[in-house]
Amino acid sequence: GSAWIVDPSRTRTLLTHHRKLGKWLQLGGHADGDLDLAAVALREAHEESGLTRLRPVGAALFDVDRHWIPERKSEPGHWHHVLRFVIEADPDEPLIISAESKDLAWVEIARMAEYNPEESMMRMARKTLAGHAR
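The structure reproduced in this document is the subject of the present report. Keep in mind that what you see is a predicted model, and the values were worked out from it rather than measured.

We note that Arg10 has phi near 65 degrees; this positive angle belongs to a residue other than glycine. In this structure, Arg10 sits in the loop between β1 (2-6) and β2 (12-18). Arg10 sits in the buried class, given a relative accessible area of 7%.

Between its first and last C-alpha atoms helix α1 (residues 37-49) spans 18 Å; for 13 residues at 1.5 Å apiece the expected length is 18 Å, and the two agree. Listed as buried for α1 are Val40, Ala41, Glu44, Ala45, Glu48 and Ser49. Buried residues of α1, viewed axially, fall in a sector of 135 degrees; they line one side. Downstream of α1 by a residue or two, Gly50 has a phi angle that is positive, lying close to 80 degrees.

A separate point is the environment of Thr13. Relative to the helices and strands, Thr13 is located in strand β2. In this structure Thr13 comes out as buried when scored by relative accessible area, which is 0%. Taking the C-alpha atoms as reference points, Thr13 and Met112, 99 residues apart in sequence, are found 9.1 Å from one another. Not counting residues up to four positions away in its chain, the partners in contact with Thr13 are Trp4, Ile5, Val6, Ala105, Trp106, Val107, Ile109 and Met112.

With respect to the secondary-structure elements, Arg84 resides in strand β7 (residues 78-88). Given the relative accessible area of 2%, Arg84 is considered buried. Here the side chain of Arg84 touches Ser120 through a polar contact of 3.3 Å, side chain to side chain. Contacts of Arg84, omitting those with residues within four sequence positions, involve Ser2, Gln26, Leu61, Phe62, Asp63, Asp65, Ser120, Arg123 and Met124.

Our next topic: the pattern of salt bridges. Under the defined criterion, the tally for this structure stands at 14 salt bridges. Across the salt bridge formed by Lys23 and Glu118, the nearest N and O atoms sit 2.7 Å from each other. One end of the pair, Lys23, is in the loop between β2 and β3 (24-25); the other, Glu118, is in the loop between α2 (112-115) and α3 (119-129), and 95 residues separate them in sequence. Judged by relative accessible area, which is 31%, Lys23 ranks as partly exposed. For Glu118, a relative accessible area of 34% puts it in the partly exposed group. Note that Glu47 and Arg43 form a salt bridge whose closest N and O atoms lie 3.8 Å from each other. With Glu47 and Arg43 both in helix α1, this residue pair falls four residues apart, about one helical turn. The network of salt bridges with common partners includes Asp63, Asp65, Arg84, Arg123 and Lys127.

Turning next to the packing of aromatic side chains. Scanning the entire structure with this criterion turns up two aromatic pairs. Measuring from centroid to centroid gives 5.6 Å for Trp24 and Tyr115, while their planes differ by 85 degrees, and the two rings are edge-to-face. You can see Trp24 sitting in strand β3 and its partner Tyr115 sitting in helix α2, a full 91 residues away along the chain. Judged by relative accessible area, which is 16%, Trp24 ranks as buried. When its relative accessible area of 28% is taken as the criterion, Tyr115 is described as partly exposed. An angle of 75 degrees between the planes, with centres 5.3 Å apart, marks the rings of Trp68 and Trp79 as edge-to-face. Residue Trp68 is located in strand β6 (residues 63-69), and its partner Trp79 is located in strand β7; the two are separated by eleven residues in the primary sequence. Take Trp68: its relative accessible area is 47%, and that puts it in the partly exposed class. Of note, Arg66 hangs over the ring of Trp79, and the distance from its end group to the ring centre comes to 3.6 Å.

Reading the values: the criteria
- Residues numbered from 1 in each chain as written.
- Predicted model: local features only at pLDDT ≥ 70, side-chain atom pairs only at ≥ 80, totals over all residues.
- Heavy atoms only, no water.
- Helix = DSSP H or I, 4+ residues; strand = E, 2+ residues; numbered from the N terminus.
- Buried < 20%, exposed > 50% of the residue type's maximum accessible area, 1.4 Å probe, protein only.
- Expected span 1.5 Å × (residues − 1).
- Arc of directions from axis to C-beta.
- Contact = heavy atoms within 4.5 Å.
- Polar contact = N/O pair within 3.5 Å; in protein donor to acceptor, adjacent residues only side chain to side chain.
- Salt bridge = Lys/Arg side-chain N within 4 Å of Asp/Glu carboxyl O.
- Phe/Tyr/Trp six-rings, centres within 6.5 Å; stacked < 30°, edge-to-face > 60°.
- Lys NZ or Arg CZ within 6 Å of the ring centre and 35° of its normal.

What is shown is where atoms sit, not what they do.
Here's what the structure looks like:
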């Protein structure tokens, strides 16, 4: 469950510079058996940012992505399915960088390509700018 965290104006999103992957991404993580993926997204948003005033923007799924995770030491290659929910946050609330992250940043959605030009990130940016994150 992943969190596409946006500010109230829907012009900025909070991204994490993922420590292991070395790229800017939305916050989120594994469900670990929890079937309430919206709750997983909310929990991960809090754990990875320290934000406490998070508000789900509806219960609807915002985006779905599937990408291949290459084989690693003890894990075979596999498909990773990412279900993303929109969560609103206050950009003035202090951020706390977790061990999973190199950095956190509020990014202008219109400048997403400068941070991560991958299609899955650009798709969420386009959807948000088109007004679908309400």
